[in-house]
Amino acid sequence: MKLTMRLGPRSYDIILKRGCLKNLYQFTDTTRRRVFVLTDSGVPAQYAQAVLAQCPKGTVYTVPQGEGSKSLKVYGQVLAAMLAAGLTRRDLLVAVGGGVVGDLGGFCAATYMRGIDFINCPTTVLAQVDSSIGGKTAIDLGPTKNIVGAFWQPKLVLADPDTLATLPPRQVANGLAEALKTGLIGDAQLFALFECPDPTQNLEQIIYRSLRFKKKIVEADEREQGQRACLNFGHTIGHGIEAVRGVSARRKTGLYHGECVALGMLPMIEDKALAKRTRAICRALGLPTRLPGDRRRVLAQMQHDKKGRGDTVTVIRVPGLGCWRADTIPTAELGTLLGLA
Ligand SMILES: NC(=O)c1ccc[n+]([C@@H]2O[C@H](COP(=O)([O-])OP(=O)(O)OC[C@H]3O[C@@H](n4cnc5c(N)ncnc54)[C@H](O)[C@@H]3O)[C@@H](O)[C@H]2O)c1
Ligand SMILES: [Zn+2]
């Protein structure tokens, strides 16, 4: 399956096809230019090697797995490695991995020599349904997520569902949370795929429908000046939980991004019956459905995240299946979202 992100001079193809990773050379010049293949230590090495095999002037660079690699330190190390590999303005960075490698690699490509070509090869469900398209690239500053970044569209996205065979089940569910988000805000048929006995049987259809919806939104609002904000559904609370309870360089056990987003979505669904159905889907997928006990810390983090961005914050609510609404509320009222007075 192929989708084309239509953004004028920044347009690109999104290929969703089993085995496509081995055919990167069919879509871009991998032989005459230097190719810097970025991956992380948790991504089975065979995927980066499959890309390297197509690039006579290729180098593989592996960062430690986990959110901790979306840091200024690792960002600097990758840039230094790109320079040492002799990458010029005409060369290419290929990210092979999940959202961490994609966000970090995209930001490196956006800033190295004021911007070089970037290709994203997502290997997690989360990255295949969501993070690999749309051009948002970023790293974190301490617990504050995605605060340093750039809009930098890839030249191509190659999503190979075969790579998902090695992904642990908890990571599959983690990624499905972002697809469930997409179903809730804009695609009732996608939501319905989650109410089948085993949604993982519909994985390719779920990935396709998620990408199709996000593509439409990004085409209409590339720089998030309006409707793209709907994709942040679940993320205001989600990011607060992630900062307090998420896995990080310091905290080895904790919640994953999609798990935090699932928790962040539930209080924002206004239709009680829909909230109940969503909770049942989350339970069946093994996603958490109870907000963590330390809600005041989550609130403090949410308020800290929003500090310096004004006295109000825009949150996304879902009044009914397949629709959403942006509400601007005073930062002081964030606590009510968490059920805190
Ligand atoms: N840019 C965007 O639009 C956007 C959207 C959503 C999320 N994100 C970001 O994405 C990140 C989360 O992404 P993620 O959930 O993919 O996490 P991740 O990149 O950390 O991947 C999860 C784990 O799976 C491992 N892994 C990757 N591919 C594998 C495979 N095929 N088989 C086995 N293991 C594999 C990784 O090494 C890692 O340990 C967060 O930083 C989040 O902020 C970005
Ligand atoms: Zn997300």
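Here the structure is a predicted model, which is why all the values come from computation and not from measurement.

A. Broad picture of the coordination of the zinc ion (ligand 2). At 1.9 to 2.1 Å from the zinc ion (ligand 2) lie its protein donor atoms, namely Glu178 (OE), His235 (NE2) and His257 (NE2). Between consecutive donors of the zinc ion (ligand 2), the numbers of intervening residues give the motif E-x56-H-x21-H. With His235 in helix α8 (residues 235-245) and His257 in helix α9 (residues 257-265), the pair connects residues that are 22 residues apart, well separated along the chain. Comparing His235 with His257 shows no difference in burial state: the two are buried.

B. Quick peek at the packing of helix α5 (residues 169-186) against α9. Where α5 contacts α9, the axes come no closer than 7 Å and their chain directions differ by 40 degrees. Between α5 and α9, the angle falls in the class oblique. Here α5 and α9 pass one another in a crossing that is left-handed. Only His257, Gly258, Glu259, Val261, Ala262 and Met265 of α9 make contact with α5, whose side of the interface consists of Arg170, Asn174, Ala177, Glu178, Leu180, Lys181 and Leu184. Considered class by class, the residues forming the contact of α5 with α9 number six nonpolar, three polar and four charged.

C. Region of the structure containing the nonpolar core. With 65 residues, the main nonpolar core has Ile14, Val125, Leu176, Leu180, Leu184, Phe194 and Phe233 as its most contacted residues. Here this core spans two domains, since at least three of its residues come from each of domain 1 (2-166) and domain 2 (169-189 + 221-337). Dropping the residues within four chain positions of it, Val125 is found in contact with Leu164, Leu167, Val172, Gly175, Leu176 and Leu203. Core analysis: the second largest hydrophobic core is formed by 20 residues, Met82, Leu93, Ala95 and Phe107 among them.

D. Region of the structure containing the domain arrangement of the chain. Parsing the chain into structural domains produces domain 1 (2-166) and domain 2 (169-189 + 221-337). Taken over C-alpha atoms, the centre of domain 1 sits 26 Å from the centre of domain 2. In this complex, domain 1 contributes 17 residues to the contact, which on the side of domain 2 involves 23 residues. Here domain 1 and domain 2 share an interface that buries about 1,600 Å² over both sides, 55% of which is from carbon and sulfur atoms.

E. Highlighting the packing of helix α2 (residues 72-84) against helix α3 (residues 99-111). One can describe the packing of α2 onto α3 by two numbers: an axis separation of 10 Å at closest approach and a directional angle of 55 degrees. Put simply, α2 runs oblique to α3. Seen along the crossing, α2 lies across α3 with a hand that is right-handed. Along its contact with α2, which presents Val74, Tyr75, Val78, Leu79 and Met82, the element α3 presents Leu104, Phe107, Cys108 and Thr111. Its residues assigned to classes, the contact of α2 with α3 comprises eight nonpolar, one polar and no charged.

F. Summary view of the pairing of strand β2 (residues 12-16). Burial analysis of β2 places four of its five residues in the buried class, the great majority of the element. Looking at chain direction, strand β1 (residues 2-5) and β2 are connected through four bridges and run antiparallel. Pairing of Leu3 across the sheet is with Ile14, part of β2. Linking β1 back to β2 in an antiparallel pair, the connection comprises six residues, with Gly8 at a positive phi of about 60 degrees. Where β2 meets strand β9 (residues 156-159), four bridges bridge the pair, whose relative direction is parallel. Across the sheet, residue Leu16 finds its bridge partner in β9, namely Ala159.

G. The arrangement of the side chain of Lys70 in detail. Residue position: Lys70 is located in the loop between β4 (58-63) and α2. Note on Lys70: relative accessible area 3%, which makes it buried. Separated by 2.8 Å, the side chains of Lys70 and Asp103 make a polar contact. If sequence neighbours within four positions are ignored, Lys70 has contacts with Val100, Asp103, Ala138, Ile139, Asp140, Lys145 and Asn146.

H. Structural view of the site of ligand 1. The environment of ligand 1 is formed by 28 residues, the closest being Asp40, Gln65, Glu67, Thr123 and Thr124. Contact between ligand 1 and Thr124: an oxygen atom at 2.7 Å from a side-chain N or O atom of the residue. Thr166 has a polar side-chain atom sitting 2.8 Å from a nitrogen atom of ligand 1. Contact with the protein chains hides 91% of the accessible area of ligand 1, taken as 870 Å² for the molecule alone. When residues of the shell around ligand 1 are traced back to their parent elements, those giving at least two are α3, α4 (125-131), β8 (144-151) and α5.

What counts and how
- Residues numbered from 1 in each chain as written.
- Chains lettered and ligands numbered in written order.
- Predicted model: local features only at pLDDT ≥ 70, side-chain atom pairs only at ≥ 80, totals over all residues.
- Heavy atoms only, no water.
- Donors = N, O, S within 2.8 Å, 3.2 Å for Na, K, Ca; no water.
- Helix = DSSP H or I, 4+ residues; strand = E, 2+ residues; numbered from the N terminus.
- Buried < 20%, exposed > 50% of the residue type's maximum accessible area, 1.4 Å probe, protein only.
- Axes fitted to C-alpha atoms, helices over the stretch in contact; angles between N-to-C directions.
- Parallel < 35°, antiparallel > 145°, perpendicular 65-115°, else oblique.
- Left-handed = near helix turned anticlockwise from the far one by under 90°.
- Contact = heavy atoms within 4.5 Å.
- Nonpolar A, V, L, I, M, F, W, Y, C, P; charged D, E, K, R; others polar.
- Core = buried A, V, L, I, M, F, W, Y, C linked by side-chain atoms within 4.5 Å.
- Domains from an automatic or database assignment.
- Buried area = accessible area lost by both parts, 1.4 Å probe.
- Pairing = 2+ DSSP bridges.
- Polar contact = N/O pair within 3.5 Å; in protein donor to acceptor, adjacent residues only side chain to side chain.
- Near = heavy atom within 4 Å.
- Areas by Shrake-Rupley, 256 points an atom, 1.4 Å probe, with all protein chains shown as cover.

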